[in-house]
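Overview (structure and organization)
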Amino acid sequence: MGRAEERRARQRGGRRAAPRNRSTETESVAPTAHEATAGTATATATTTAPAPGGRAAARKGAKKAGRGTKGKAGKKDKSFIRRLFTWKKILGTFLGLCLAVIGAFIWLYVSTPIPAGNPDANLQSNVYKYGGGALLARDGDVNRENVDLATIPKPVQHTFVAAENKSFYNDNGVDFRGTARGVLNTLMGKGAQGGSTITQQYVKNYYLSQEQTVTRKLKELVISLKLDREKDKDYILAGYINTSYYGRGAYGIQAAAQAYYRVDADKLSVEQGAYLAALLQAPSQYDWAAASDTGKRLVQARWNYVLDNMVGQNWLDKSKREGMKFPIPKDPKAAPGKQGQIGYLVDAANTELANQLVATGVADDYESAAALVRKGGWNIELNIDKKKQKALETAVKEQLTSKLDKKKRPVDGDVQAGAVSVNPKTGAVEAMYGGTSYTEHYLNNATRTDYQPASTFKPVILAAAFDENAVTQDDQKITANTIYDGTSKRPVVGSDIGFAPENEDDQDYGPVTVQTALNKSINSVFAQMGVDVGMDKVLKVADELGMHTKDLKAVPAQTLGTMGASPLQMAGVYATLDNHGKKVTPALIKSAENSAYPSFKHTAPVGKQVIDREAADSVTSVLTGVVDDGTAKISVRDNPLRKGQKVAGKTGTSDNNKSAWFTGYTPDLVTSVGLFGESAKAPHPQVTLTGAMTGITSKKGRINGGGPPAQIWAAYTFGVSTKVTKFDLETEQGAAVQTAPPSPSSSPSPSSSPSSSPKPSSSPSSSPKPSNSASSSPKPSNSPSSSPSGNTPSVPSTDAPPTGSGEPDNPLLGQ
């Protein structure tokens, strides 16, 4: 019987159709071979006759027939899943959820009013105190002056739209995709994301807050939709540019125009407007006066982006755009009440507090955290010791600024000083000198990182050598008495990059110990040592000690301290050495309280062991030799103010004399002093210090680390640290534990061959025999004259006095 005939037969018998699982039914009623021969009549009768009990009985019979193949449990499970996940139920659930979300949004829209904006009322004063509770400053006056949008040139208005929201004039006030992304990222803990419209940003600035929560984002969405319906675009744009924060304490375009260009908002050019519009993305990072090289590149790129968008929107003629040049902002003017060191301390405290708010999860990024600090209500106690702060300011004045004469020597006007003093046991920043006055020089010289630390980086190389148990090229362990070749411009061996640094005054020293090399700050020795240790390991140790070197490419030139660093960072590095290798992170803030946020106490400025104690103590031991028999002996060792205090430290003078340093410490106090050559004329490029203070420095007019920086250090340290204590050192090497310095005759002469050079000492571990290794005394054939000059750049980092008599011509020259 065909399939069609079978179907008609079933219909005649009261059945609608064949079972759904035809294969199962066929399998369960299949005849045996004997039954198949009985003819078709019986089969036909069986097929066409209605089953007793009707359709239900037929289904029951089918279930019983199927038990022999699939089993009762499996059939029930499969049927349950099919009944549970039908397309109707899935679609119904989805539609239900959509209706619930829409309903919730409608309820939120109806129940959320546009609040009254009161940003001024939310901004309170911050109170800053010295350690101990004495009032330092009160900071909270809001620099804002709202202006009518009609007074702002239309092209300047367009710069803000081009920067933030090109579709502003046509959209409904919200970016649903960006908001959804922001909500999702907030739920997933990924922090803040861009994508908000101008309307949303205005709502956040004026009606809500900077906090990154789902509730705040949903309120922002609803209020933005309502505001866009109730107010015109000009009202919203005016609110946005009048309430945004532009940096330099300026709220609103009028205050920003004055802060950056000394003009009113109605006099802004398109170029200037584009900079202010670009600034809103990251005012702390993009302020030209304080921006790093990266920050300057980024803000210029965004400035170009703004103008290019204006051309794309037909708001700016292309030919005019091509002729526009980046408008460098004028120098900042500090707000009244921040004269002297007060402004530097307040700004540094605000920066540290904002970073702490990010670290503790109160804010998602620095800009949001800075906004919370500016909002006010903070009671901040600093670690600054009032007496030490005064002493540091006095030392800089007496040893430096009182001796500068801009009229006689214009170069004296280019001298900038910065200093930081840290307690190595607690990490507390007890004194900070940021410059002559915050109202005269806005940039904090104590925290700036754009100058090279020069030879003050050499102890970091030595620390890495000791901590890594490094060896020389001839497999001799590096110790304080290891012999290296101090020939100037000697090519470094083992480096993939050709490098042959020059010593100060191109002085050749021949074979010298590591102790002598650090005392005299011999560049060629530490360039080779850096390669022996491995510059990647050196930079790793530098980062662990407190410098920011993670993103730097390891190259031999960095042995001369060619990266940027601040006195604050270098004080932290040396404090970690002073603290026997336990990480010390300088902390300016002792505590910060605000009723709206959890109280903040800096409880962990001292961290884990980052280098081995013996390695740290060995470096300290070696550094005592720099003071007692090296580049700082005139200014520090023989200083009449010294009353027997034990001192370790290092001088540093960078390439072209653009910076000069002394960073040193007693067992109880670490202080880093830096002098920086900065042109007094905008845009204030780095310039040489040579020629400044002529007559009281060297005959060549060079300012070295052993000069004014070391003199400032000594005047301050010996004035406030009168307690005489010894370094608690676990080491058997270095100047601090030597009973007598190595005899000059024990060092091989430069003319001796490596194989015949005698040992300077009987201890093979501390004074290995020079061999054919580059780190030991090379043969004359390895002299610099035989090396190619094209691939061996010289980047001298000089701070050692010329040899000969062994003493500088001027007793105040001390390097």
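In what follows, the accompanying structure is described.

Quick look at the overall build of the chain now. Counting secondary structure elements, the chain contains 29 helices and 16 strands. By the burial criterion, 49% of the 815 residues in the chain qualify as buried. Sequence separation of at least 24 residues holds for 71% of the intrachain contacts in the chain that already meet a minimum separation of 6. Element-wise, carbon and sulfur atoms account for 52% of the exposed surface of the chain, whose accessible area totals about 37,700 Å².

Taking burial as the measure, the seven residues of strand E15 (residues 659-665) include seven buried ones, the bulk of the element. Sheet topology note: the strand E14 (residues 648-653)/E15 ladder contains six bridges and is antiparallel. Looking across to E15, one finds that Ala648 is bridged to Tyr665. Linking E14 back to E15 in an antiparallel pair, the connection comprises five residues, with Asn656 at a positive phi of about 65°. Note that E15 and strand E16 (residues 670-677) share seven bridges and pair antiparallel. The residue bridging Ser659 from the neighbouring strand is Phe676, located in E16.

Here the focus is the sheet that holds strand E12 (residues 597-601). Within the open sheet, the five strands sit side by side as E2-E1-E5-E11-E12. Their pairing is mixed. Two strands in the sheet have a free side with no partner beyond their single neighbour: strand E2 (135-139) and E12. Pairwise comparison of adjacent strand axes, ignoring direction, gives a mean angle of 15° for this sheet. Relative to E12, strand E11 (residues 589-594) runs antiparallel, the two being bridged by three bridges. In the strand pairing of E12, Ser591 is matched with Lys601.

Turning next to the sheet that holds E16. Within the open sheet, the five strands sit side by side as E7-E6-E16-E15-E14. Their pairing is antiparallel. What marks the edges here is a single partner per strand, and that holds for strand E7 (429-433) and E14. Averaged over neighbouring strand pairs, the angle between their axes works out to 5° when direction is ignored.

Two packed helices can be described by the angle between their axes and the distance between those axes. Orientation of helix H22 (residues 458-467) relative to helix H25 (residues 535-545), taken along the N-to-C sense of each, is 110°, at an axis distance of 9 Å. Judged by the angle between their axes, H22 and H25 are roughly perpendicular. Between H22 and H25, the contacting residues are Val460, Ile461 and Ala464 on the first element and Lys537, Val538, Val541, Ala542 and Leu545 on the second. Looking at the contact of H22 with H25, its residues break down into seven nonpolar, no polar and one charged.

This part takes up a nonpolar patch on the surface. Together, Trp87, Leu91, Phe94 and Leu95 give the surface a local cluster of nonpolar side chains, amounting to about 460 Å² of exposed area. Within the secondary structure, Leu91 sits in helix H7 (residues 87-111).

It is the contact of helix H11 (residues 198-206) with helix H13 (residues 233-243), at a shortest axis distance of 9 Å, that shows an interaxial angle of 50°. In terms of their interaxial angle, H11 and H13 are classed as oblique. For the crossing formed where H11 meets H13, the hand is left-handed. Here Ile198, Thr199, Gln201, Tyr202, Asn205 and Tyr206 of H11 come into contact with H13, specifically with Tyr235, Ile236, Leu237, Gly239, Tyr240 and Thr243. Classifying every residue of the contact of H11 with H13 by side-chain character gives seven nonpolar, five polar and no charged.

All right, on to the pattern of salt bridges then. With the rule as written, the count across this model stands at 24 salt bridges. Taking the shortest distance from any N to any O, the salt bridge between Arg702 and Asp505 comes out at 3.6 Å. Separated by 197 residues along the polypeptide, Arg702 in the loop between E16 and helix H29 (708-720) and Asp505 in the loop between strand E8 (483-485) and strand E9 (511-513) bring together distant segments of the chain. Residue classification places Arg702 among the buried residues on the basis of a relative accessible area of 16%. Its salt-bridge partner being Asp638, residue Arg637 comes within 2.8 Å of it at the nearest N-O pair. Overall, Arg637 belongs to the partly exposed group, its relative accessible area being 32%. Connected via shared salt-bridge partners are Arg613, Asp617, Asp728 and Glu730.

This next bit is on the nonpolar core. Membership of the largest hydrophobic core comes to 81 residues, with the highest contact counts inside it found for Leu353, Leu382 and Met529. Residues contacting Leu353, with those up to four places away along its chain left out, are Val373, Trp378, Ile380, Ile589, Ala592 and Phe600. Judged by nonpolar contacts, the second largest core, of 50 residues, contains Ala163, Ala250, Ala274 and Met310.

With that settled, the discussion passes to unusual backbone geometry. Residues Ala682 and Pro683 are joined by a peptide bond in cis, for which omega reads 5°. Inspection of the secondary structure puts Pro683 in the loop between E16 and H29. Phi is positive for Arg262, close to 60°, though the residue is something other than glycine. Structurally, Arg262 can be placed in the loop between helix H14 (253-261) and helix H15 (270-279). Its relative accessible area of 31% is what places Arg262 among the partly exposed residues.

This paragraph deals with the pairing of E2. In the sheet, strand E1 (residues 126-129) pairs with E2 via four bridges, with the strands oriented antiparallel. Residue pairing for E2: Lys129 is matched across the bridge by Leu135. Taking the residues that link successive antiparallel strands as the turn, the E1-E2 hairpin has five residues, and the phi of Gly132 there is positive, at about 110°.

For the rest of this paragraph, the subject is the packing of aromatic side chains. Enumeration according to the criterion identifies 19 aromatic pairs in this entry. Taking 5.4 Å as the distance between ring centres and 40° as the angle between the ring planes, the aromatic pair formed by Tyr438 and Tyr442 counts as tilted. Exposure remark for Tyr438: the relative accessible area of 4% places this residue in the buried category. When the centroid spacing of 5.7 Å and the interplanar angle of 85° are considered together, the rings of Trp713 and Phe718 count as edge-to-face. Considered together, Trp713 and Phe718 belong to a single accessibility category, that of buried residues. Members of the aromatic cluster, joined through ring pairs, are Tyr260, Tyr261, Tyr275, Trp288, Trp303 and Phe326. Looking at Lys233, its charged tip hangs above the ring of Phe168, at a distance of 4.7 Å from the centre.

Rules of the game
Residues numbered from 1 in each chain as written. Predicted model: local features only at pLDDT ≥ 70, side-chain atom pairs only at ≥ 80, totals over all residues. Heavy atoms only, no water. Helix = DSSP H or I, 4+ residues; strand = E, 2+ residues; numbered from the N terminus. Buried < 20%, exposed > 50% of the residue type's maximum accessible area, 1.4 Å probe, protein only. Contact = heavy atoms within 4.5 Å. Areas by Shrake-Rupley, 256 points an atom, 1.4 Å probe, with all protein chains shown as cover. Pairing = 2+ DSSP bridges. Axes fitted to C-alpha atoms, helices over the stretch in contact; angles between N-to-C directions. Parallel < 35°, antiparallel > 145°, perpendicular 65-115°, else oblique. Nonpolar A, V, L, I, M, F, W, Y, C, P; charged D, E, K, R; others polar. Patch = residues over 30% accessible without salt bridge, like charges linked within 9 Å, V, L, I, M, F, W, Y side chains within 5 Å. Salt bridge = Lys/Arg side-chain N within 4 Å of Asp/Glu carboxyl O. Left-handed = near helix turned anticlockwise from the far one by under 90°. Core = buried A, V, L, I, M, F, W, Y, C linked by side-chain atoms within 4.5 Å. Phe/Tyr/Trp six-rings, centres within 6.5 Å; stacked < 30°, edge-to-face > 60°. Lys NZ or Arg CZ within 6 Å of the ring centre and 35° of its normal.

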